[in-house]
Amino acid sequence: MTALAILGGVVLAGCGGPEATRAGTPAPASSPGPAAKTAPERMEGPPTMAPGPAGLTPVFERRAPAGPATGPGSPTPGSAAPGRGGEAADDKVVALTFDADMTADQGPRAEAGEHFDNPELIALLRRLKVPATVFMTGRWAEEYPDQARSIGTDPLFEIANHSYSHYAFSSPCYGLPTVEEGGMRGEVERAFDAIRKTGARQVVPYFRFPGGCYDDASRKALAPTGVTAVQWDVVSGDAFATDADAVAEQVLDGVEPGSLVVMHCTRSAAPVTGEAVRQVVPALRERGYRFVKVSELMRG
Ligand SMILES: [Zn+2]
């Protein structure tokens, strides 16, 4: 299996959006984005926001699960595979993350009735008392400021950065438009500005590359922002999925202690996410898992 890779403090694996693998026709669940063969290092530089991750050096090393694998690239469901290193090695924690995707040019589609938001999903997470991290684009925050504030002022949640425009930071990237030259740092800063402008307070210095696409140049470009790039090791496949059972199964098959799952908080493009969460949460709790936000996972 390709594990969630963290070298030097950066978590990487892939990204959600139109690019995410659909459940039922999955690429390997742990498959990273096209450029994510190597993990970038912690992006150095002064944090532009609080609370900053100064000195954060997460130990987060995934190993192949013990025992026979169930198939190529497929971790053994429910196995007691060793998870992260350090004190929390046996801690069965999992972080559900939800990408709030909205591309800079999708305003007219939202006006025409397309739902880039999913308040029912957020309400469900609250009912189930599941902490979660929302990777939000700045454009989404501008479109749904009340929801952004609601998420960002609820201690159950935290908001991380998914760029302003959801354009690609390296090309090609699933047909996403590419950030113009010199615009990468501004993408991150503009997203933080848009998110904070809504009144959201729990904003954390983590960043997920749109489409999971990055290269050395984009890593270098983001260094001054002080963000830590966080991707995932479990692809839920919820983007454009119509079969909630398949999404839930893919998550349950992929999760190991310390896993980071990518899902979406955009109803039109990920209509069965809520139903999948409804299945996944009790099943993982039954296995002894506890849900944590990314910041807690990183602290571990
Ligand atoms: Zn995305």
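I will try to describe carefully the structure that is included in this document. Computed from a prediction, not measured in an experiment: that's the story for all the values here.

### Digging into the overall build of the protein
Looking only at helices and strands, the protein features nine helices and 10 strands. Relative to its full complement of 300 residues, the protein shows a buried share of 58%. Put simply, 82% of the contacts in the protein that link residues at least 6 apart link residues at least 24 apart. Put simply, the protein shows about 11,700 Å² of open surface, and 52% of that area lies on carbon and sulfur atoms.

### Description of a negative patch on the surface
A contiguous patch of negative charge on the surface is contributed by Asp243, Asp245, Glu249 and Asp253. Take aspartate 243: it is sitting in the loop between β8 (234-235) and α7 (244-254). Of the residues examined, aspartate 243 reaches a relative accessible area of 38% and is grouped as partly exposed.

### Some remarks on unusual backbone geometry
Following serine 171, the chain continues into proline 172 via a peptide bond in cis, with omega recorded as 0°. For proline 172, the position within the fold is in the loop between β5 (157-161) and α5 (184-197). At serine 163, a position not held by glycine, the phi torsion is positive, near 80°. Look at phenylalanine 240: it is not a glycine, yet its phi comes out positive at around 65°. Assessed through its relative accessible area of 36%, phenylalanine 240 is described here as partly exposed.

### As for the packing of α7 against helix α8 (residues 273-286)
At their nearest, the axes of α7 and α8 sit 8 Å apart, and the two run at 35° to each other. Judged by the twist between their axes, the crossing of α7 over α8 is right-handed. Counting all contacts with α7, which are made through Ala244, Asp245, Val247, Ala248, Val251 and Leu252, the residues of α8 involved are Glu275, Ala276, Gln279, Val280, Ala283 and Leu284. Taken together, the residues that form the contact of α7 with α8 break down as nine nonpolar, one polar and two charged.

### Points about the packing of aromatic side chains
The relative placement of two aromatic rings is captured by the distance of their centres and the angle of their planes. Within the structure shown, the criterion is met by five aromatic pairs. The interplanar angle of 75° and the centroid separation of 5.6 Å between the aromatic rings of phenylalanine 169 and phenylalanine 209 together place this pair among those described as edge-to-face. Highlighted residues: phenylalanine 169 in the loop between β5 and α5 and phenylalanine 209 in the loop between β6 (203-207) and α6 (216-222), separated in sequence by 40 residues. Considered together, phenylalanine 169 and phenylalanine 209 belong to a single accessibility category, that of buried residues.

### A closer look at the side chain of aspartate 154
Counting through the fold element by element, aspartate 154 comes out in the loop between α4 (145-152) and β5. Its relative accessible area of 15% is what places aspartate 154 among the buried residues. Look past the residues within four positions of aspartate 154 in its chain and what remains in contact with it is Arg126 and Gln202.

### Quick look at the state of the cysteines
Under the counting rule described, the total for this entry stands at one disulfide. Each disulfide pairs two cysteine sulfurs, and for cysteine 173 the partner residue is cysteine 213, the sulfurs being separated by 2.1 Å. Because the sign of the S-S torsion sets the handedness, a value of about 80° for the bond joining cysteine 173 and cysteine 213 places this disulfide among the right-handed ones. Residue cysteine 173 is found in the loop between β5 and α5, and its partner cysteine 213 is found in the loop between β6 and α6; the two are separated by 40 residues along the sequence. Here cysteine 173 matches cysteine 213 in class, with each residue buried.

### Some words on the pairing of strand β4 (residues 132-136)
Both faces of the sheet carry side chains from a regular strand, because those side chains alternate between them. Counting buried residues along β4, five of its five residues qualify, which places the element largely inside the surrounding structure. Here strand β3 (residues 93-100) pairs with β4 via four bridges, running parallel. Paired with phenylalanine 98 across the strands is valine 134, a residue of β4. When β4 meets β5, the two strands line up parallel, connected through five bridges. Among the inter-strand pairings, threonine 133 is bridged to a residue of β5, identified as glutamate 158.

### Describing the nonpolar core
Counting 57 residues, the largest nonpolar core has Phe98, Leu125, Met136 and Trp140 as its most contacted members. Ignoring sequence-local partners within four residues, the contact set of phenylalanine 98 consists of Leu121, Leu125, Ala132, Thr133, Val134, Phe135, Met263, His264, Cys265, Thr273 and Val277. Tyr206, Val235, Val294 and Leu297 belong to the second largest nonpolar core, which has 15 residues in total.

### A few points about the environment of alanine 244
The residue alanine 244 is located in helix α7 in this model. Between the C-alpha atoms of alanine 244 and alanine 276, which are 32 residues apart in sequence, the distance is 4.9 Å.

Rules used in this analysis
Residues numbered from 1 in each chain as written. Predicted model: local features only at pLDDT ≥ 70, side-chain atom pairs only at ≥ 80, totals over all residues. Heavy atoms only, no water. Helix = DSSP H or I, 4+ residues; strand = E, 2+ residues; numbered from the N terminus. Buried < 20%, exposed > 50% of the residue type's maximum accessible area, 1.4 Å probe, protein only. Contact = heavy atoms within 4.5 Å. Areas by Shrake-Rupley, 256 points an atom, 1.4 Å probe, with all protein chains shown as cover. Patch = residues over 30% accessible without salt bridge, like charges linked within 9 Å, V, L, I, M, F, W, Y side chains within 5 Å. Salt bridge = Lys/Arg side-chain N within 4 Å of Asp/Glu carboxyl O. Lys, Arg positive; Asp, Glu negative; His and termini not counted. Charge placed at Lys NZ, Arg CZ, Asp CG, Glu CD. Axes fitted to C-alpha atoms, helices over the stretch in contact; angles between N-to-C directions. Left-handed = near helix turned anticlockwise from the far one by under 90°. Nonpolar A, V, L, I, M, F, W, Y, C, P; charged D, E, K, R; others polar. Phe/Tyr/Trp six-rings, centres within 6.5 Å; stacked < 30°, edge-to-face > 60°. Disulfide = S-S within 2.5 Å. Pairing = 2+ DSSP bridges. Core = buried A, V, L, I, M, F, W, Y, C linked by side-chain atoms within 4.5 Å.

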